[in-house]
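Each chain, written out:
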Amino acid sequence: MTLAGGLFLTGCGASDSNGSSTDGSNKSGGRGFPQPAPNRTSGTSQGEQKDTPTGDASREFAPSPDYLSTFALDVDTASYGYARRALADGRLPEASTVRPEEFVNSFRQDYRRPDGNGFSVTVDGARTREKDWSLVRVGLATRDAPQSGERPPAALTFVIDISGSMGEPGRLDLAQDALGVMTDRLRDDDSVAVVTFSDEARTVLPMTRLGHHRDRIHDVIRGLEPTESTNLGAGVRTGYATAVKGLREGATNRVVLISDALANTGETDADAILENISTARREHGITLFGVGVGSEYGDALMERLADKGDGHTTYVSTIEEARKVFCEQLPQNVDLTARDAKAQVAFDPQTVKQFRLIGYDDRQVADEDFRDDRVDGGEIGPGHTVTALYAVRTRPGASGHLATASVRWLDPDTRAPHEESGQLETGSLDEDLWTSSTRLQVDAVAAYFADDLRTGDDKANPLPGALPLGELADRAHRVASAAEDKAVDELAAAVERASGLMG
């Protein structure tokens, strides 16, 4: 099989005493089972394997590269938020903006949380109604986000787009409302700087402790007005310079970019913009959090900036969503528990015939670079979960070990490396996806929905077990009822809208 819309790769797994999933801390990757990749030159062909060794002895060795899947962790959710906005406006999102992993990662999970920094590993799965095919879920979770008084102080540099396009309702006005509420909720020992950009960029507020300066910050936010063109490159460059100048030791230093990312002046290439701020990122560890707004949105530019700029993105279209991002979710969006985090899944060639990683197309890492800590991974904060779904075709009648999942990350302060892992057995798979745990069903609906939006009428290579969009909408409503979760209700409504638009 070729590398197409869904990439054929390998993945990680674990099983627990109740036969469904495991949270593992096995540093070796499993005794007698496929290990994470040693230092080797990796091949590029992945998918179905015809000449597979047999016999238990084969399990004592690492699988061939074709049985490994390695990717940088990602907690972006902008793709799903923007798709919902497009559907609410009565149009389908552009297929190029649909990233399945961001759909799946937009929903709450119930994975066990670790006690300290790092990750827990949970792996489960269920059989689909397509013969020999299952969905396998790799779930990674960080510790719970701390209460406001428990987190380190924050030093936040807000880089705010005030170009003419931000005058549309639901752009600058939305950001001003959310930032105003956030200013009242930040602690006295937090600091804020504000940089604005249109055709040029300027620092309108240097790094300022909240303390007795809240009125000053409110005045700056209220005074923002849209004007002229969008020199996003100048905004990011000035933002990082301001963040470096106001750098605080012992604080979480982060640049928060709020924009529709419709860059049309100055430097508009993401890689060139990132090169201009590379020293600030690498030497000072200042990370980027991108918040997208607007009915027209430069998704590709914002995603590239976040993926390669040691950060993540989200998208907001309502005041409620913006307040959630800047107030309720502030600790997880600005603090860090892991740097350069990567996952690697080793499937067992004795039981697995074929596999497909759903999404993460832009986050691939060479298998041999899993333990190369110079290679960029993902930056993850407290309270986050990361979910990767795999479509897995087992060998007829095969039973036993299915996969070993490992995650590797660097401590955000000391940069010391750490690993956790878990395993999955074929016997731990639920017999029917649509009677499995509610949260796994939610993830499945999100993944199938994204796959439909990406492929449209071209269903030459649908995910195994996929339902027609109308049936998926019915299934989504049933899952939403079981989940009792407003976010899942919104997912069901989005699937129904898409079904109507696609006919």
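Note that the structure is a prediction, hence the values are computed from the model and not measured.

Draft legend 1. Layout of the overall build of the chain. Helix and strand counts for the chain stand at 13 helices and 16 strands. Here the chain holds 503 residues, and the buried ones make up 61% of them. Carbon together with sulfur atoms contributes 45% to the accessible area of the chain, which is approximately 19100 Å² in total.

Draft legend 2. How the structure looks around the pattern of salt bridges. Summed over all chains, the structure comprises 32 salt bridges. Between Asp260 and Arg171 there is a salt bridge whose closest N-O contact spans 2.5 Å. Taken together, the residues Asp260 in the loop between strand 8 (252-259) and helix 6 (270-276) and Arg171 in the loop between strand 5 (154-161) and helix 3 (172-185) connect sequence positions 89 residues apart. A salt bridge links Arg374 to Asp372, with the nearest nitrogen and oxygen atoms 2.9 Å apart. Judged by its relative accessible area of 18%, Asp372 is buried. Each of the salt bridges in this network shares a partner with another, and the network as a whole consists of Arg85, Asp89, Arg91, Glu168, Arg171 and Asp260.

Draft legend 3. Inspection of the pairing of strand 16 (residues 417-425) at higher detail. Strand direction decides the pairing type here: strand 15 (residues 401-410) and strand 16, joined by 9 bridges, are antiparallel. The partner of Leu410 across the bridge, within strand 16, is Pro417. Between strand 15 and strand 16, which pair antiparallel one after the other, the connecting turn spans 6 residues, and Arg415 there sits at a positive phi close to 60°.

Draft legend 4. Seen up close, the nonpolar core. Within the largest apolar cluster, 39 residues are counted, with the highest numbers of intra-cluster contacts made by Phe103, Leu433, Val445, Tyr448, Phe449, Leu491 and Val495. Where this core is concerned, the elements lending two or more residues are helix 1 (78-88), helix 2 (100-104), strand 4 (133-141), strand 14 (385-394), helix 11 (438-455), helix 12 (469-483) and helix 13 (486-502). The greatest single-element share of this core, amounting to 10 residues, is contributed by helix 11. Beyond its immediate sequence surroundings of up to four residues, Phe103 is in contact with Ser79, Tyr80, Ala83, Val98, Ala446, Phe449, Ala450 and Leu453. Of all hydrophobic cores here, the second largest spans 34 residues; its members include Met182, Val291, Val316 and Phe326.

Draft legend 5. Region of the structure containing helix 8 (residues 299-308). Most of helix 8 is tucked away, with 7 of its 10 residues classed as buried. Of all the residues in helix 8, the buried ones are Asp299, Leu301, Met302, Glu303, Leu305, Ala306 and Asp307. At its buried positions, helix 8 is contacted by helix 2, helix 5 (232-245), strand 8, helix 6, strand 9 (287-292) and strand 10 (311-315). Following helix 8 by one or two positions, Asp310 has its phi on the positive side, about 60°.

How each quantity is defined
- Residues numbered from 1 in each chain as written.
- Predicted model: local features only at pLDDT ≥ 70, side-chain atom pairs only at ≥ 80, totals over all residues.
- Heavy atoms only, no water.
- Helix = DSSP H or I, 4+ residues; strand = E, 2+ residues; numbered from the N terminus.
- Buried < 20%, exposed > 50% of the residue type's maximum accessible area, 1.4 Å probe, protein only.
- Areas by Shrake-Rupley, 256 points an atom, 1.4 Å probe, with all protein chains shown as cover.
- Salt bridge = Lys/Arg side-chain N within 4 Å of Asp/Glu carboxyl O.
- Pairing = 2+ DSSP bridges.
- Core = buried A, V, L, I, M, F, W, Y, C linked by side-chain atoms within 4.5 Å.
- Contact = heavy atoms within 4.5 Å.

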